[in-house]
Amino acid sequence: HLFTSVEMVLIGVDPEHRDRRFEVPAVQSCVQGFTDLHAITIFEAASLSVLVFQSLLLVFVPSLPVAYYLICFLFWRLAYNLGLGFLLDRQSKSHAMTHWYERNTIAADGTPLRTPLANFLRHLAKKGQPDTFDPEKAPTVLNTWLAFKHLENLVLNTDVITYVVFALKCCRGLSDNVYINVVNYTIAALLGAVNWFTKKDAHRVVGAYAWFWGDFFFLVDRTEQLIFDGVYLCFPHPMYTVGYAMYYGSALIARSYTVMFASLFAHACQILFLVFVENPHITRIYGGPEDVPPPPPPCACPCHQRFIDSKPATARSGEANAPSSPAQNPSPCPSPASSLS
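Criteria and cut-off values
Residues numbered from 1 in each chain as written. Predicted model: local features only at pLDDT ≥ 70, side-chain atom pairs only at ≥ 80, totals over all residues. Heavy atoms only, no water. Helix = DSSP H or I, 4+ residues; strand = E, 2+ residues; numbered from the N terminus. Buried < 20%, exposed > 50% of the residue type's maximum accessible area, 1.4 Å probe, protein only. Contact = heavy atoms within 4.5 Å. Areas by Shrake-Rupley, 256 points an atom, 1.4 Å probe, with all protein chains shown as cover. Axes fitted to C-alpha atoms, helices over the stretch in contact; angles between N-to-C directions. Parallel < 35°, antiparallel > 145°, perpendicular 65-115°, else oblique. Nonpolar A, V, L, I, M, F, W, Y, C, P; charged D, E, K, R; others polar. Phe/Tyr/Trp six-rings, centres within 6.5 Å; stacked < 30°, edge-to-face > 60°. Lys NZ or Arg CZ within 6 Å of the ring centre and 35° of its normal. Expected span 1.5 Å × (residues − 1). Bend = angle between axes of the 7 residues up to and from the residue. pLDDT = per-residue confidence, 0-100.

**Q** So what about the overall build of the protein chain? Which residues, and what values?
**A** Within the protein chain, the regular secondary structure consists of twelve helices and three strands. Evaluated residue by residue, the protein chain yields a buried proportion of 41% over its 341 residues. Within the protein chain, contacts between residues at least 6 apart in sequence are counted, and of these 74% link residues at least 24 apart. Total accessible area computed for the protein chain in this model is approximately 18,400 Å², and 67% of it derives from carbon and sulfur atoms.

Written as structure tokens, this is what we have:
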């Protein structure tokens, strides 16, 4: 959900003090947060520890039951959908995390607190940013989002890690029927490709700001209309619908109904997260379908008007409501879409 695929420098707007503007720094992906030692915090280290621990158990303690791995996965899945969902819902409705960060880092007279908690929170906001970034000079809404992103890294990455280890534990190997193997692995490969393309294109469209729920903390200084592009034109909420296709590919590879039902439950939890957390926030910030403005009128500049007048009357009457493609419109004036990007 959000804006356009064009890379640009974002200017943040404090939702409680709209006269405050600030440049939104680039943030790393979840994977980059693991590979860049400069960005690792206690949260990323904890997730890496879970990866190592679960992998060692899988290899060296084969007698450990499937139930253990299933419980681990469900714990982190609920930590995502219930835990992060609760925090984001409170943030959307009352800026609860921003106020909590402010109370614990800034004194009543406006000076920075020097408590261990305050230092830790500023450490989280600083990690992964250039050396020139100073949390004490940055807006509280930005610091809160940057600190919260490390918690996201812990939950989202560990959710994936525990799912993969759980699926590996349930894997029954190849079937005796070669045709079943071919069908299962072919469908799984297709689902994996759809999953990868959907996630990659969705990230291209929304960018890191929206991918990591930045608009729960602050808006950006540009149009507040939702502009859909790429995979968003093909599927509703692609990250949460077809973006989970590999769940079902994993069940086919593992040949396990346990993996299938766990995947169905986890996917249902994600849809509930969308329905009860993200969609209400989108409506609260950007408005519902009834608030979508009508399409902008055609450009009225002379060069464009001459182009319209030069077309035959029959063509104009048949194309009155059809948008022109860039190749058909030689006018140098910007199109409505480009003016919003």
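Okay, back to it.
**Q** Describe the packing of helix 5 (residues 116–126) against helix 6 (residues 140–170), listing the residues and the values that go with them.
**A** Contact pair helix 5 / helix 6: the axes reach a minimum separation of 7 Å and the direction vectors enclose 85°. Overall, the two elements helix 5 and helix 6 adopt an arrangement that is roughly perpendicular. Two secondary-structure elements touch here, helix 5 through L121, L124 and A125 and helix 6 through N143, L146, A147 and H150. Partitioned by chemical class, the residues of the contact of helix 5 with helix 6 number five nonpolar, two polar and no charged.

**Q** I'd like a rundown of unusual backbone geometry, residues and numbers included.
**A** Phi at W213 is positive, roughly 55°, even though this residue is not glycine. The residue W213 is located in the loop between helix 7 (178–211) and strand 3 (219–220) in this model. With a relative accessible area of 2%, W213 lands in the buried category.

**Q** Can you explain the packing of aromatic side chains? Please cite residues and give values.
**A** As enumerated under the stated definition, the model contains 19 aromatic pairs in all. With a centroid separation of 5.5 Å and an interplanar angle of 40°, the aromatic rings of Y209 and F218 are classed as tilted. A connected cluster of aromatic rings, assembled from ring pairs, spans F73, Y163, F166, Y244 and Y247. Sitting over the face of the ring of F212, K149 holds its NZ or CZ atom 4.4 Å from the ring centroid.

**Q** Lay out the side chain of Q129 with the relevant residues and their values.
**A** Tracing the chain through its elements places Q129 in the loop between helix 5 and helix 6. Dropping the residues within four chain positions of it, Q129 is found in contact with P25, A26, V27, H38 and L146.

**Q** So, helix 3 (residues 66–94): which residues are in play, and what are the values?
**A** Counting along an α-helix, one turn takes 3.6 residues, and residues three or four places apart therefore face a common direction. The end-to-end C-alpha distance of helix 3, which contains 29 residues, comes to 41 Å, matching closely the 42 Å that a straight helix rising 1.5 Å per residue would cover. Along helix 3, the helix axis deviates most sharply at A79, where the bend reaches about 30°. Looking one or two places after helix 3, you find H95, whose phi comes out positive at around 55°.

**Q** Tell me about the confidence of the model for the protein chain, and name the residues and values.
**A** Of all residues in the protein chain, 80% attain a pLDDT of 70 or more, and the chain-wide mean is 83. Within the protein chain, the element-level pLDDT minimum falls on helix 12 (residues 336–340), averaging 35, and the maximum on helix 3, averaging 98. In this model residues 1–7 is a low-confidence stretch, pLDDT under 50, and it forms 30 contacts with partners more than four residues away in sequence or in other chains.

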